[in-house]
Amino acid sequence: MSGYLKVLLADCEGERAALLEERLREISDAVIVRVPAAGSLIDAVTAEAPDVIIVDMARPDRDALDDLRRIGADNPRPVVVFVDRDDRAFMEEAIAAGVSSYNVVNAAFPDVKPIVMAAVAIFRKYQQVAADLQQARTSLTERETIDRAKALLMKERNFGEPQAYRWLRRKAMNESKRIAAIAAELLGSGQPEGPQE
């Protein structure tokens, strides 16, 4: 990560938050901001645009998970959660809500630097996988659209498959559009237009 790492710390218990903040200072390029005492986590994420969110949940509750879900949907960030007791069902809910690192701790916090850096790396990898999957879905949808448009041309104009593809490609080049866009337009109109090849 270039520059500094902006960490948003959300913990309503002052002494524990101070201890966690002290541990976070071990990350030399970290800038730590706290969610205001009466403030909302969602508002703080919007206002601060942190690189990482750290949430301490002494008593895990579902409302906090709802906030994390909304953040994950609207403004995804790596989220590190510290809890004071082991609860497998809550852990699974937290991970489903977008938590990158779920940690059970007692009064003394562990070395948080590797936890935070691992959460950032896992989040980035997950985001890359999600982007790759979306690209693959888009490509597959476009390929299916092109195939359906070729089938329409083959039926309506008695083209062969290579001839139908050449027609789509030529029209795309003439109109400075992608072949998939031309195919979608053709399917939307239901009728091939322009000169027969």
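Presented here is an overview of the structure given in this document. (Residues numbered from 1 in each chain as written. Predicted model: local features only at pLDDT ≥ 70, side-chain atom pairs only at ≥ 80, totals over all residues. Heavy atoms only, no water.)

### A closer look at helix H5 (residues 112–157)
Then comes step 1: Along its 46 residues, H5 runs 67 Å from first to last C-alpha, staying within 8% of the 68 Å computed at 1.5 Å per residue.
Then comes step 2: Between the side-chain oxygen of the N-cap and the backbone nitrogen of Lys113 there are 3.4 Å, and the N-cap of H5 in question is Asp111.
Then comes step 3: A positive backbone phi angle near 60 degrees is found at Asn158, which sits one or two residues after H5. (Helix = DSSP H or I, 4+ residues; strand = E, 2+ residues; numbered from the N terminus. Expected span 1.5 Å × (residues − 1). Polar contact = N/O pair within 3.5 Å; in protein donor to acceptor, adjacent residues only side chain to side chain.)

### Notes on unusual backbone geometry
Then comes step 1: The phi torsion at Ala49 lies on the positive side, around 45 degrees, for a residue other than glycine.
Then comes step 2: Secondary-structure assignment places Ala49 in the loop between helix H2 (41–48) and strand S3 (52–57).
Then comes step 3: Phi is positive for Ser176, close to 55 degrees, though the residue is something other than glycine.
Then comes step 4: Counting through the fold element by element, Ser176 comes out in the loop between helix H6 (161–175) and helix H7 (179–189).
Then comes step 5: A relative accessible area of 70% means that Ser176 is categorised as exposed. (Buried < 20%, exposed > 50% of the residue type's maximum accessible area, 1.4 Å probe, protein only.)

### Things to note about the nonpolar core
Then comes step 1: With 22 residues, the main nonpolar core has Leu41, Val55, Met57, Leu68 and Val81 as its most contacted residues.
Then comes step 2: Broken down by secondary-structure element, the contributors of at least two residues to this core are strand S1 (5–10), H2, S3, helix H3 (62–74), strand S4 (79–83) and helix H4 (88–96).
Then comes step 3: Looking at which element gives the most residues to this core, the answer is H2, with four residues.
Then comes step 4: Among residues more than four places away in sequence, those in contact with Leu41 are Leu8, Ala10, Val35, Ile53, Val55, Leu68 and Ile71.
Then comes step 5: Counting 19 residues, the second-largest nonpolar core is a separate cluster that includes Ile27, Phe82, Val105 and Val120. (Core = buried A, V, L, I, M, F, W, Y, C linked by side-chain atoms within 4.5 Å. Contact = heavy atoms within 4.5 Å.)

### What to know about the packing of aromatic side chains
Then comes step 1: Scanning the model with the defined rule gives one aromatic pair in all.
Then comes step 2: Ring geometry for Phe90 and Tyr102: centres 6.4 Å apart, planes at 50 degrees, overall tilted. Here Phe90, found in helix H4, pairs with Tyr102, found in strand S5 (residues 101–104); they are twelve residues apart in sequence, far enough to count as distant. Comparing Phe90 with Tyr102 shows no difference in burial state: the two are buried. (Phe/Tyr/Trp six-rings, centres within 6.5 Å; stacked < 30°, edge-to-face > 60°.)

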